[in-house]
Amino acid sequence: MSRTLATIAAFAGLGLLALAQDGPSRAFDLLKRVVDGSNQVDYSGKRVIEFKVGPDMKAHTELVLRSQGRTRIDFPQGSSLSGQVIVEVPDRREHYFPDSNEIRILPPRRQDAVDRLKFFVDQKSRFRFDVANGGRVAGRNTQMITVSDTKGNKIQELWIDDQKPLVLKRTMFDPVGTLVGQFEFVTIDFSPRIPRDAFRIRRRGATYVTVEQHAERLAKEKGFAPALLRDGQAKLEFAEMRQFMGKDVFVQVYEYEGKRLTLFQVEKDLDTSRLGRMGRNVTVHTWTSSGRSFALLGELAKGKLEDLARKVSERRSES
Amino acid sequence: MKNQRDFDKQSLAAAWDDSPLAPDAERMLDARLRGDDQRLVSHAVANLEQDELSMAWRSTLNERLLELQPAKRKAWWTLAWRPVLATGLAASVLTIAFLRTGPAPSSHAESLEGELIRIHLDSAAALDLAGTGLVPHEVASARPAPVEEELDWSSVDLDLL
């Protein structure tokens, strides 16, 4: 009797050991399945996104429709975002703002987001992957992958549908383990009925504005130089005006070879060495022009950043 | 013949009255004093060590008493110079450090440089998370659609068709 129990215990132990060793590769395979297959999944669903903005978390809800690599996002009636529509196709993103009757033309973001996820797959030796049962999300069974750095600091958690290559829930953490953002589908339907013309925005009288035009307009409104990074590989993702200690800070975020660059323009002098100290893994290049201070930040080599900084300029006036 | 006890009584009475002893009693007493036991005692007393007078113990006592006496009060300036010197040195070092480096850098949130780093990291994280969705500044800048533009279609409208 005791011999039988010992044999069972030994087999159970070996099984657990095999599972433990299999965990990272299973997690990696799941992640790869999402990277390779998420473009082929059609669905409609409601997802709640939450970001850390300053000290608080701010949430909003999106109604997402996806089919054949195209995406449409609407917002629930009654929300401050109601009436805005986003349509993204592989080569273009359009964002309709009803208050200004404006359609903003932006670079697509979806492939970039997939590429960022692919970064974990390509650089797998730099990360640790663990997998566990994720329970149910939006009524679906999931597997939860935890991505950590080599020291075990949690970077992200991803809940992946058991049947479909889709992330149903995702959480992200800063270097000290604080939640900085998360999204979660609360409903999902993998057999959506697609309305006709769902992936086109047609609005008579609306003005088309590129993101570069929007950035220049924003700069002029606040008295900044309309200087942009003018490089064929650098795509302006968005531009915004921030406030710090009662002063405006002009922010432009670019995508460059799969990495993020941020170009800042401020009225006062910047302490380059302090910026460098605080940035840790972020490379910093600062300069002044026409009484303004500029800073270009990114995870690039210093020389590359300096090359790009030389391409920050105002648009040449058309004669 | 008188026995030993009678002589002892006579000797005690004579000592009491301070009167001379009878000749017999005196001879008896002398004989007893010359006895071996008396000589033994006398010899033991004679061999006793002679105590010499020493003042060493007194010297030790004096030293102990001096030690136990409360210390004499020092002048105020002899007590104050050390803390004053230490405080002065510390102040000098701090002044030099402050003049060289300026005000100490405040936390990330309180310096413009820290804010720029935070915006850069937050923007990258937000774009990753949002995917095709909105990033925080797009949410924050949202303004509701003009009232006249909101056409609230419902199933009732469809039923009328």
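Up top is the structure.
What you see is a predicted model; the values in this text were computed from it and never measured.

Engineer: Teacher, can you tell me more about the overall build of chain A here?
Structural biologist: Helices and strands together make up the secondary structure of chain A, namely five helices and 19 strands. Here chain A holds 319 residues, and the buried ones make up 48% of them. Approximately 16,700 Å² of chain A is accessible, and the part contributed by carbon and sulfur atoms is 48%.

Engineer: Explanation requested: the nonpolar core in the structure shown.
Structural biologist: Buried together is how nonpolar side chains tend to be arranged in soluble globular proteins. Residues and elements named next belong to chain A. Counting residues in each nonpolar core, the largest one holds 63 residues, and the members touching the most others are L31, F129 and I145. Viewed by domain, this core spans two of them, domain 1 (33-189) and domain 2 (211-314), each represented by three or more residues. In this structure, V211, F224, L236 and M241 belong to the second largest nonpolar core, which totals 25 residues.

Engineer: Just checking my understanding: could you explain the packing of helix α1 (residues 4-17) of chain B against helix α2 (residues 23-33) of chain B for this structure?
Structural biologist: When two helices pack together, their arrangement is given by the angle between their axes and by how far apart the axes lie. Residue and element names in this part refer to chain B. Where α1 meets α2, the closest approach of the two axes is 10 Å, and the angle between their N-to-C directions is 105°. As summarised for this structure, α1 and α2 are arranged roughly perpendicular, according to the angle between their axes. Here Q4, F7, D8 and Q10 of α1 come into contact with α2, specifically with D24, A25, M28 and R32. The class makeup of the residues in the contact of α1 with α2 is three nonpolar, two polar and three charged.

Engineer: Please explain the pairing of strand β1 (residues 43-53) of chain A as it appears in this structure.
Structural biologist: Consecutive side chains of a regular strand alternate in pointing toward one face of the sheet and then the other. All names here are of chain A. As paired strands, β1 and strand β2 (residues 56-67) are joined by eleven bridges and run antiparallel to one another. Its bridge partner lying in β2, E50 is registered against A59. Here β1 hands over to β2 after two residues, with G54 in that stretch at a positive phi of 65°. Bridge count for β1 against strand β11 (residues 179-189) is eight bridges, and the pairing is antiparallel. The residue of β11 that forms the bridge with G45 is I188.

Engineer: What exactly am I supposed to notice about unusual backbone geometry here?
Structural biologist: Residues other than glycine predominantly adopt negative phi, and peptide bonds predominantly adopt the trans conformation. Residues and elements named next belong to chain A. In this structure, E257 is a non-glycine residue whose phi angle is positive, near 50°. Here E257 shows up in the loop between β15 (247-256) and β16 (259-266). Positioned with a positive phi, S290 is a non-glycine residue whose angle comes to about 50°.

Engineer: Please clarify how helix α4 (residues 272-279) of chain A should be interpreted in this entry.
Structural biologist: For an α-helix, 3.6 residues make a turn, and residues three or four places apart therefore share a direction. The set of residues buried in α4(A) consists of R274(A), L275(A), M278(A) and G279(A). The buried residues of α4(A) all sit within an arc of 130° when viewed along its axis, so they share a single face. Elements that come into contact with the buried residues of α4(A) comprise β17 (283-289) and β18 (292-298) of chain A together with α6 (112-130) of chain B.

Engineer: So what exactly am I meant to see when it comes to the pattern of salt bridges here?
Structural biologist: Where side chains of opposite charge bring their charged atoms close, a pairing between them can arise. Residue and element names in this part refer to chain A. On inspection of all chains with the given rule, the structure shows 27 salt bridges over all chains. Here R202 ties to D197 by a salt bridge, and the two come within 2.8 Å at their closest N and O atoms. Given the relative accessible area of 59%, R202 is considered exposed. Look at D197 and you get partly exposed, because its relative accessible area is 35%.

Engineer: What exactly am I supposed to notice about the interface of chain B and chain A here?
Structural biologist: Note on interface size: it is often stated as the accessible area lost on association of the parts. Each side of the interface is counted separately: chain B has 41 residues, and chain A has 61 residues. The junction of chain B with chain A conceals about 4,500 Å² of combined surface from both sides, 65% of it contributed by carbon and sulfur atoms. At the boundary of chain B and chain A, one finds three salt bridges. Where E113(B) meets R274(A), a salt bridge forms, and the shortest distance between an N and an O atom there is 3.5 Å. Counting every contact that joins chain B to chain A gives eleven residue pairs in polar contact (both at pLDDT 80 or more). Breaking the side of chain B that touches chain A down by element, the ones donating at least two residues are α6 and α7 (136-140) of chain B.

Criteria and thresholds
Residues numbered from 1 in each chain as written. Chains lettered and ligands numbered in written order. Predicted model: local features only at pLDDT ≥ 70, side-chain atom pairs only at ≥ 80, totals over all residues. Heavy atoms only, no water. Helix = DSSP H or I, 4+ residues; strand = E, 2+ residues; numbered from the N terminus. Buried < 20%, exposed > 50% of the residue type's maximum accessible area, 1.4 Å probe, protein only. Areas by Shrake-Rupley, 256 points an atom, 1.4 Å probe, with all protein chains shown as cover. Core = buried A, V, L, I, M, F, W, Y, C linked by side-chain atoms within 4.5 Å. Domains from an automatic or database assignment. Axes fitted to C-alpha atoms, helices over the stretch in contact; angles between N-to-C directions. Parallel < 35°, antiparallel > 145°, perpendicular 65-115°, else oblique. Contact = heavy atoms within 4.5 Å. Nonpolar A, V, L, I, M, F, W, Y, C, P; charged D, E, K, R; others polar. Pairing = 2+ DSSP bridges. Arc of directions from axis to C-beta. Salt bridge = Lys/Arg side-chain N within 4 Å of Asp/Glu carboxyl O. Buried area = accessible area lost by both parts, 1.4 Å probe. Polar contact = N/O pair within 3.5 Å; in protein donor to acceptor, adjacent residues only side chain to side chain.

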